[in-house]
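What follows is the residue order along each chain.
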Amino acid sequence: MTIKSETKSSIEVAEKKTSALSSPTTAQNDKFVQNGDDQKVRDLPQKEAAIPMGECNNAEYIEINEVVSSSRANNDRKVSLLPLVFLIFYEVSGGPFGVEDTVHAAGPLLALVGFLVFPIIWSVPEALITAELGTMFPENSGYVVWVSSALGPYWGFQQGWVKWLSGVIDNALYPVLFLDYLKSGVPALGGGLPRVLAVIGITLVLTYMNYRGLTIVGWVAVLLGVLSILPFVVMGLISIPKLRPTRWLVTDVHSVDWNLYLNTLFWNLNYWDSISTLVGEVHNPKKTLPKALFYAVILVVLSYFFPLLVGIGAVPLERDLWTDGYFSDIAKILGGVWLRWWIQGAAALSNMGTFVAEMSSDSFQLLGMAERGMLPEFFAKRSRHGTPLVGILLSASGVLLLSWMSFQEIVAAENFLYCFGMILEFIAFVRLRIKFPNASRPFKIPGGTVGAIVLCIPPTILVGIVLAFSTVKVMIISLAAIAIGLVMQPCLKHIEKKKWLKFSISPDLPDIHRDNGTLVH
């Protein structure tokens with residue numbers, strides 16, 4: 001949340017108490033008053049000097065959610081609740097496009113059960129952790145600062161590297177999915193030079209949209225979300241006379257492709273934490289973020305489960321046909337060519353929305369890391385639209401380099417890297433509960449430290465299962481990518497020491513690496 005002053009920013013320090021940490025929000029110590037998006041200094045004598053960062057005698061605590069966010073943008077560029085819900089929706093889902101492989105891999109019953117049970121095991125815990133830590137650290141470095149504050153800057157950088165790389169790999173899927181849905185109507189897009197040119201063209205157009213500003217991206221996400229979901233509502237109404245509930249119960253556990261099944265479920269229901277790298281751009285994040293995550297969980301689950309119910313129940317089962325793009329074929333069977341084209345158009349819009357939302361998170365993450373001094377200062381430079389130009393260009397380049405991979409290869413590699421990052425997040429979440437038990441948490445998951453550990457057990461087991469099902473090829477490539485990050489961080493520190501590139505830490509961010517283990521501003 002932005003703190004503005006006509007003269008000079010001041011920092012409130014809470015004194016250390018003998019029995020507990022004092023609250024900086026008491027009437028006695030309060031020097032800030034919330035007014036819309038801003039907090040303005042009040043009742044502050046002119047002679048009182050600002051306390052330099054790191055020089056607070058006996059200071060052990062400050063409300064982290066009240067620090068200056070990393071947006072530095074005007075208030076009219078802040079993202080409000082509705083656009084944030086759809087940004088999360090597109091970070092995670094974007095609609096049912098891509099879920100067809102669950103039916104192909106495991107049959108109708110396991111596909112439906114998977115999209116009911118998996119959110120409880122994975123999506124809800126990840127969304128809760130994102131709500132707590134995202135409001136605790138409302139800045140654009142997101143999960144990077146979570147891990148840095150808990151485990152130190154080295155592991156924070158590793159978190160940033162694997163999650164950014166995972167995000168870029170994930171984003172390379174959407175031009176592929178976009179063309180997979182269109183190739184049935186335009187066969188030339190199935191391969192060769194036309195497909196290559198189409199991928200490049202799509203990437204450039206959507207990258208430009210990211211450049212124009214996050215507010216535009218947010219409202220575009222709302223529009224695209226409505227247009228993407230609407231044809232499935234129509235398809236559901238048309239399918240009612242043709243539904244056969246017995247088709248939902250078909251299963252054959254002996255013919256399940258567990259690797260494809262788990263990877264597809266995991267890919268379609270993860271990335272809830274990606275929104276944390278945009279928290280610095282959110283209006284009143286300590287209230288807006290938890291609400292947006294709650295509504296987004298409901299929207300995502302419904303957007304998967306309802307189309308699967310319709311597609312499985314209204315059309316005779318042929319598992320081999322359930323691959324990318326099959327919903328458009330189902331639409332033709334149920335409603336005709338017009339509905340097929342509508343679904344294909346919705347798929348195109350959905351992939352556009354997912355692409356721009358994912359690129360926003362990836363690029364703002366690099367900006368946040370630069371403001372933390374983990375990357376060279378030029379990564380923190382903003383365009384005239386308030387967007388991280390260098391991060392956008394780098395993320396777009398990664399998408400173009402990876403777009404030649406197949407859908408299954410991209411999903412498997414992305415999932416492996418994502419799992420590594422999530423392990424660090426779970427450790428950081430529990431570690432912060434232990435390390436800073438009294439730190440301000442505008443949204444706090446109940447249960448204390450024990451509850452935090454219990455919450456992390458099911459998703460951690462799931463991470464282990466997903467990793468165990470990885471192929472040797474994916475494992476080797478992913479471990480090599482992780483190794484690059486292990487070496488990259490010391491190299492960047494050497495570059496900083498030699499002053500070959502300029503690194504700096506934003507003075508508006510809290511100090512998270514105190515020698516005495518405290519957390520102060």
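Please read these numbers as outputs of a predicted model, since none were measured by experiment.

What to know about the overall build of the chain
Counting its regular elements, the chain contains 16 helices and 3 strands. Summing over all exposed atoms, the chain offers an accessible surface of approximately 21000 Å²; the carbon and sulfur share of this is 66%.

Re the confidence of the model for the chain
Mean pLDDT over the chain: 82, with 81% of residues reaching 70 or higher. Segment residues 1–73 is flagged for pLDDT under 50; beyond a separation of four residues in sequence, or across chains, it makes 150 contacts in the model.

Considering empty space enclosed by the protein
A full pass over the atoms with the stated rule returns 1 cavity of 30 Å³ or more. As a volume, the largest cavity reaches approximately 50 Å³. What lines the largest cavity is simply S93, G95, F97, Y174, L177, W267, N268, S350, N351 and T354. Elements supplying a minimum of two residues to the lining of the largest cavity: α6 (173–182), α9 (258–268) and α12 (337–371). The element contributing the most residues to the lining of the largest cavity is α12, with 3 residues. Classifying every residue of the lining of the largest cavity gives 4 nonpolar, 6 polar and no charged.

Quick look at α9
The α-helix advances 3.6 residues per turn, and as a result positions three or four apart in sequence lie on the same side. With respect to burial, α9 is a largely interior element, 9 of its 11 residues being buried. Of all the positions in α9, only L260, Y261, L262, N263, T264, L265, F266, W267 and N268 are classed as buried.

Here's the deal with the pattern of salt bridges
This model, assessed by the stated rule, comprises 9 salt bridges. The closest approach of N and O atoms between D273 and K163, which form a salt bridge, is 2.2 Å. Here the residue D273 occupies a position in the loop between α9 and α10 (285–314), and K163 occupies one in helix α5 (residues 153–171), the gap between them amounting to 110 residues. Summarising the burial analysis for this pair, D273 and K163 share the class buried. A salt bridge links K493 to E496; the shortest N-O distance between them is 3.1 Å.

Considerations on the packing of helix α4 (residues 143–151) against α5
The geometry of a pair of packed helices is captured by two quantities: the angle between their axes and the separation between those axes. Taken N-terminus to C-terminus, the directions of α4 and α5 make an angle of 155°; their axes are 7 Å apart at the nearest point. In terms of orientation, α4 and α5 fall into the roughly antiparallel class. With respect to the hand of their crossing, α4 and α5 are arranged in right-handed fashion. The residues of α5 that touch α4, namely those facing Y143, V144, V147, S148 and L151, are P153, W155, G156, Q159, G160 and K163. Class assignment for the residues of the contact of α4 with α5 results in 6 nonpolar, 4 polar and 1 charged.

So, the packing of aromatic side chains
To describe a pair of aromatic rings, one takes the distance between the centres and the angle between the planes. Tallied over the full model, the rule gives 21 aromatic pairs. Taking the centre distance of 5.5 Å and the plane angle of 65° together, the rings of F294 and Y295 count as edge-to-face. A relative accessible area of 43% places Y295 in the partly exposed class. Through a chain of ring-to-ring contacts, three or more aromatic side chains come together here, namely F118, W122, F266, Y271, Y418 and F426. If you follow K163 out to its NZ or CZ, it ends over the ring of Y143, 4.2 Å from the centre.

Digging into α4
With respect to burial, α4 is a largely interior element, 8 of its 9 residues being buried. Turning to α4, its buried residues number three or more, namely Y143, V144, V145, W146, V147, S148, S149 and A150. Phi turns positive one or two residues past the end of α4, at G152, with a value near 105°.

Quick notes on the side chain of N263
By the secondary structure assignment, N263 is in helix α9. What makes N263 buried here is its relative accessible area of 9%. Within the structure, the side chain of N263 is placed 2.8 Å from the side chain of N415, a separation counted as a polar contact. What N263 contacts, discounting residues up to four positions off in sequence, is V411, A412, N415 and V466.

Quick look at the environment of L237
For L237, the position within the fold is in helix α8 (residues 214–239). The exposure class of L237 is exposed, given its relative accessible area of 59%. Put simply, L237 and V310 are 73 residues apart on the chain and 9.1 Å apart in space, counted from C-alpha to C-alpha.

Focus on the environment of Q159
As for its position among the elements, Q159 is in helix α5. For the pair Q159 and E425, spaced 266 residues apart in the sequence, the C-alpha separation amounts to 8.2 Å. Excluding anything up to four places from it in sequence, Q159 contacts Y143, V144, V147, G421, L424 and E425.

Brief notes about a nonpolar patch on the surface
A cluster of nonpolar side chains, W258, V450, I453, V454, I457, I461, I465 and F469, forms an exposed patch at the surface whose accessible area comes to about 710 Å². Among the elements that take part in the nonpolar patch, helix α15 (residues 448–468) stands out by supplying 6 residues, more than any other. For I457, the position within the fold is in helix α15. Taking the relative accessible area as the measure of exposure, I457 reaches 42% and is therefore partly exposed.

Rules behind the numbers
- Residues numbered from 1 in each chain as written.
- Predicted model: local features only at pLDDT ≥ 70, side-chain atom pairs only at ≥ 80, totals over all residues.
- Heavy atoms only, no water.
- Helix = DSSP H or I, 4+ residues; strand = E, 2+ residues; numbered from the N terminus.
- Areas by Shrake-Rupley, 256 points an atom, 1.4 Å probe, with all protein chains shown as cover.
- pLDDT = per-residue confidence, 0-100.
- Contact = heavy atoms within 4.5 Å.
- 1 Å grid on protein atoms, 1.4 Å probe; cavity = no way out; pocket = protein on both sides within 12 Å on 5 of 7 lines; lining within 4 Å.
- Points joined across faces, edges and corners; volume = space filled by probe spheres on them.
- Nonpolar A, V, L, I, M, F, W, Y, C, P; charged D, E, K, R; others polar.
- Buried < 20%, exposed > 50% of the residue type's maximum accessible area, 1.4 Å probe, protein only.
- Salt bridge = Lys/Arg side-chain N within 4 Å of Asp/Glu carboxyl O.
- Axes fitted to C-alpha atoms, helices over the stretch in contact; angles between N-to-C directions.
- Parallel < 35°, antiparallel > 145°, perpendicular 65-115°, else oblique.
- Left-handed = near helix turned anticlockwise from the far one by under 90°.
- Phe/Tyr/Trp six-rings, centres within 6.5 Å; stacked < 30°, edge-to-face > 60°.
- Lys NZ or Arg CZ within 6 Å of the ring centre and 35° of its normal.
- Polar contact = N/O pair within 3.5 Å; in protein donor to acceptor, adjacent residues only side chain to side chain.
- Patch = residues over 30% accessible without salt bridge, like charges linked within 9 Å, V, L, I, M, F, W, Y side chains within 5 Å.

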